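Take a look at the letters that make up each chain.
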Amino acid sequence: ARVEILNTDARPPRRPHNRRRESDRAAIHHTHRRHLTRHHRYGRHYLRERRRESPEEDVVMSPSVALPATKELGPKHFCLDQADDGVKTIAKSLPWYGPKYSPHDVPSFYDVSGITEDPAVFQLVIDFFVARYRAQGPENGPTHIAGFDARGFLFGPPIALALKLPFVMIRKAGKLPGVLVSSGKYVTEYSTDETVMRVGAISSGDRVVLIDDLIATGGTALAGFDLVDQLGASVHEFAAMVSLPFLDGVGKIHAYRDGKYVDVPCFTMVDDSSIGPEMCSDPPEGTPRMVSAEDAAATAAKIKAAKAK
């Protein structure tokens, strides 16, 4: 008797699409996660069928979008047109809290979870960033995306993945292993900090986009500028979702060290004036800042009821 050994690692021969066997057609509809058979590794039809069955995936797998018009707010400070419907959608998805319900004593603390908890809006933010850098092409665009600890880690990775670029973490001191390079101490609107980057993450000649959720005084951004510069690379652009123009962070970046970074562009999506006072999400007076897990559902219902009035 002849024994045939099936090589499961070999890629199966291709068949014309219109001649796919009915048995194959039926096999691709299962939904369990750990069945690592041949069609998981090579079944493009499986992905197409699963996408039809899961409308939510259309958010993640959205087609490329056109970037809204860009306006220059000041020298080398570019911002999306605030009259664009997409920009308005982002602005109206950004709640803010006053000092009593914020981790820092500031007039308005923007809550980025308003973006991340809405997949469609989150995707729109990512798409806008990706459209900007994809349009620059591989020769003139960035070679790396670097995000600041911690909210830059929300936006940087999906942008880097969409562009097929490395994502580099700029972390606060004491959080990264290995051999590190330090920015040195710097001052933000909240505190004095120090950031680090892993040695080897970027090299001389790299073009790095620095990304964060917002730009305020520019202290954190400048720490990233200095890190990239120390390693022989260049900052391609600083990018943030929200700009607080009254703190003049972009102006401070361009004035730093007698204009060392004056020619580096800064790109923002939403001006804080577009968000408006109606996005204040402070709960009713007397609501505690911290509640137990047992009281969480009742507290959330009270807050929701108060907002509905």
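Keep in mind that what you see is a predicted model, and the values were worked out from it rather than measured.

Q: I'd like to hear about helix 7 (residues 119-134), residue by residue, with values.
A: Along an α-helix, residues three or four apart share an orientation, since each turn contains 3.6 residues. In a regular helix each residue adds 1.5 Å, so 16 residues correspond to 22 Å; helix 7 covers 22 Å between its end C-alpha atoms and thus fits that length. Counting buried positions along helix 7 yields twelve of 16 residues, so the element is predominantly enclosed. Taken residue by residue, helix 7 has V121, Q123, L124, V125, I126, D127, F128, F129, V130, A131, R132 and Y133 as its buried positions.

Q: Tell me about the side chain of H77, and please be specific about residues and values.
A: As for its position among the elements, H77 is in strand 2 (residues 77-80). With near-sequence residues (within four places) excluded, H77 lies in contact with K71, E72, S243, V250, C266 and T268.

Q: Mind laying out the sheet that holds strand 9 (residues 207-215), listing which residues take part and the relevant values?
A: In space, the nine strands of this open sheet follow the order 1-2-11-10-9-5-6-8-7, with mixed pairing throughout. Here the strands that pair on one side only, and so sit at the sheet edges, are strand 1 (70-74) and strand 7 (180-187). Mean inter-strand twist for the sheet, computed between neighbouring axes without regard to direction, equals 25°. Of the pairings in the sheet, the one linking strand 2 to strand 11 (residues 266-271) comprises three bridges and is parallel in character. Each bridged residue has a counterpart across the sheet, and for F78 the counterpart in strand 11 is F267.

Q: I'd like a rundown of the nonpolar core, residues and numbers included.
A: By size, the foremost hydrophobic cluster in this structure holds 35 residues, and its most contacted members are I90, F129, F155, I159, M241, M269 and I275. Taken together, the elements giving at least two residues each to this core come down to helix 5 (85-91), helix 7, helix 9 (152-163), strand 9, strand 10 (234-243) and strand 11. Among the elements that take part in this core, helix 7 stands out by supplying eight residues, more than any other. With residues near it in sequence (within four places) discarded, I275 still touches A91, K92, L94, W96, Y110, V242 and V270. In this structure, V168, A201, L222 and Y261 belong to the second largest nonpolar core, which totals 25 residues.

How each quantity is defined
- Residues numbered from 1 in each chain as written.
- Predicted model: local features only at pLDDT ≥ 70, side-chain atom pairs only at ≥ 80, totals over all residues.
- Heavy atoms only, no water.
- Helix = DSSP H or I, 4+ residues; strand = E, 2+ residues; numbered from the N terminus.
- Expected span 1.5 Å × (residues − 1).
- Buried < 20%, exposed > 50% of the residue type's maximum accessible area, 1.4 Å probe, protein only.
- Contact = heavy atoms within 4.5 Å.
- Pairing = 2+ DSSP bridges.
- Axes fitted to C-alpha atoms, helices over the stretch in contact; angles between N-to-C directions.
- Core = buried A, V, L, I, M, F, W, Y, C linked by side-chain atoms within 4.5 Å.

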